[in-house]
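Spelled out from the first residue to the last, the chains are:
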Amino acid sequence: MARVIAEAKDNPELWKTQSTCTGKGWRDPYLHPCYRLIEIDATDIYKRKHTDISGCTDVYYGFICPACGTFTELNDKFIPDYIKSKARDYEDRPKTGLDFNKMQ
């Protein structure tokens with residue numbers, strides 16, 4: 001019988017990379033990048049969509065820094081397709097105290 005050895009976040013075989021929190025790709029006037037080096041795994045990838053006035057939609061992939069809340073875009077050429085297909089929508093991210101600062 002199959003059994004769980006590790007949860008997704010603790011799975012050593014899951015795709016991982018490291019990136020610096022730079023805020024690249026999305027400027028937010030309420031959040032500022034902290035420039036920390038962050039280890040990111042497949043469960044940390046979010047996608048953001050942008051539709052221009054002509055109706056063309058682009059999808060960007062990145063992570064949300066756990067220290068400052070800034071979204072940093074990653075080069076999607078280095079993210080495996082199976083990870084991109086499971087990326088969560090940025091709009092569905094868990095809300096934190098950092099999000100409430102935007103409302104004030």
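Bear in mind that the values here come from a model prediction, so they are computed numbers and not experimental data. (Residues numbered from 1 in each chain as written. Predicted model: local features only at pLDDT ≥ 70, side-chain atom pairs only at ≥ 80, totals over all residues. Heavy atoms only, no water.)

Asker: Can you help me understand the overall build of the chain in this one?
Answerer: Looking only at helices and strands, the chain features two helices and six strands. Per-residue burial over the chain gives 32% buried out of 104 residues. Sequence-distant contacts, at least 24 apart, represent 53% of the contacts inside the chain between residues at least 6 apart. As displayed, the chain offers around 7,400 Å² of accessible surface, 53% of which is attributable to carbon and sulfur atoms. Seen as two clouds, the 16 positive and the 16 negative side-chain charges of the chain have centres 2 Å apart. (Helix = DSSP H or I, 4+ residues; strand = E, 2+ residues; numbered from the N terminus. Buried < 20%, exposed > 50% of the residue type's maximum accessible area, 1.4 Å probe, protein only. Contact = heavy atoms within 4.5 Å. Areas by Shrake-Rupley, 256 points an atom, 1.4 Å probe, with all protein chains shown as cover. Lys, Arg positive; Asp, Glu negative; His and termini not counted. Charge placed at Lys NZ, Arg CZ, Asp CG, Glu CD.)

Asker: I would appreciate a short explanation of the pattern of salt bridges in the present structure.
Answerer: Any two side chains of opposite charge can pair, so long as their charged atoms come close to each other. According to the stated counting rule, one finds three salt bridges in the structure shown. The partner of Asp81 in a salt bridge is Lys84, with the nearest N and O atoms 3.4 Å apart. With Asp81 and Lys84 both in helix α1 (residues 81-84) and three residues apart, this pair spans about one turn of that helix. (Salt bridge = Lys/Arg side-chain N within 4 Å of Asp/Glu carboxyl O.)

Asker: Sorry, what's going on with the side chain of Ser19 here?
Answerer: Within the fold, Ser19 resides in strand β1 (residues 16-20). Overall, Ser19 belongs to the buried group, its relative accessible area being 14%. Sequence-distant contacts of Ser19, defined by excluding residues within four places in its chain, comprise Arg36, Leu37, Ile38, Ile40, Phe63 and Leu74.

Asker: Sorry if this is basic, but what is going on with the side chain of Asp44 here?
Answerer: Looking at the element boundaries, Asp44 is found in the loop between β2 (37-41) and β3 (46-51). A polar contact of 2.9 Å, which involves the side chain of Asp44, links it to the backbone nitrogen of Asp41. (Polar contact = N/O pair within 3.5 Å; in protein donor to acceptor, adjacent residues only side chain to side chain.)

Asker: So what exactly am I meant to see when it comes to the sheet that holds strand β6 (residues 88-89) here?
Answerer: The pairing of strands in a sheet comes from backbone hydrogen bonds and takes either a parallel or an antiparallel form. Pairing is mixed in the open sheet, where four strands are placed in the order β5-β4-β3-β6. Both edges of this open sheet fall to β5 (71-74) and β6, since each of them pairs with a single strand only. Both β3 and strand β4 (residues 57-64) contribute to a ladder of six bridges, which runs antiparallel. Note on β4: the bridge partner recorded for Thr51 is Thr57. (Pairing = 2+ DSSP bridges.)

Asker: Teacher, can you tell me more about the environment of Lys84 here?
Answerer: Look at Lys84 and you get buried, because its relative accessible area is 16%. Along the sequence, Lys84 and Phe71 sit 13 residues apart, while their C-alpha atoms lie 16 Å from each other. Here Lys84 is in contact with Tyr61, Asp76 and Ile79, once residues within four sequence places are set aside. Within polar-contact distance, the side chain of Lys84 engages the backbone oxygen of Asp76 at 3.2 Å.

Asker: Is there a simple way to think about the confidence of the model for the chain in this case?
Answerer: Summarising the model, the chain shows a mean pLDDT of 87, and 91% of its residues fall at 70 or more. Predicted confidence is poor over residues 100-104, with pLDDT under 50, and the contacts of this stretch with residues over four places away or in other chains come to six contacts. (pLDDT = per-residue confidence, 0-100.)

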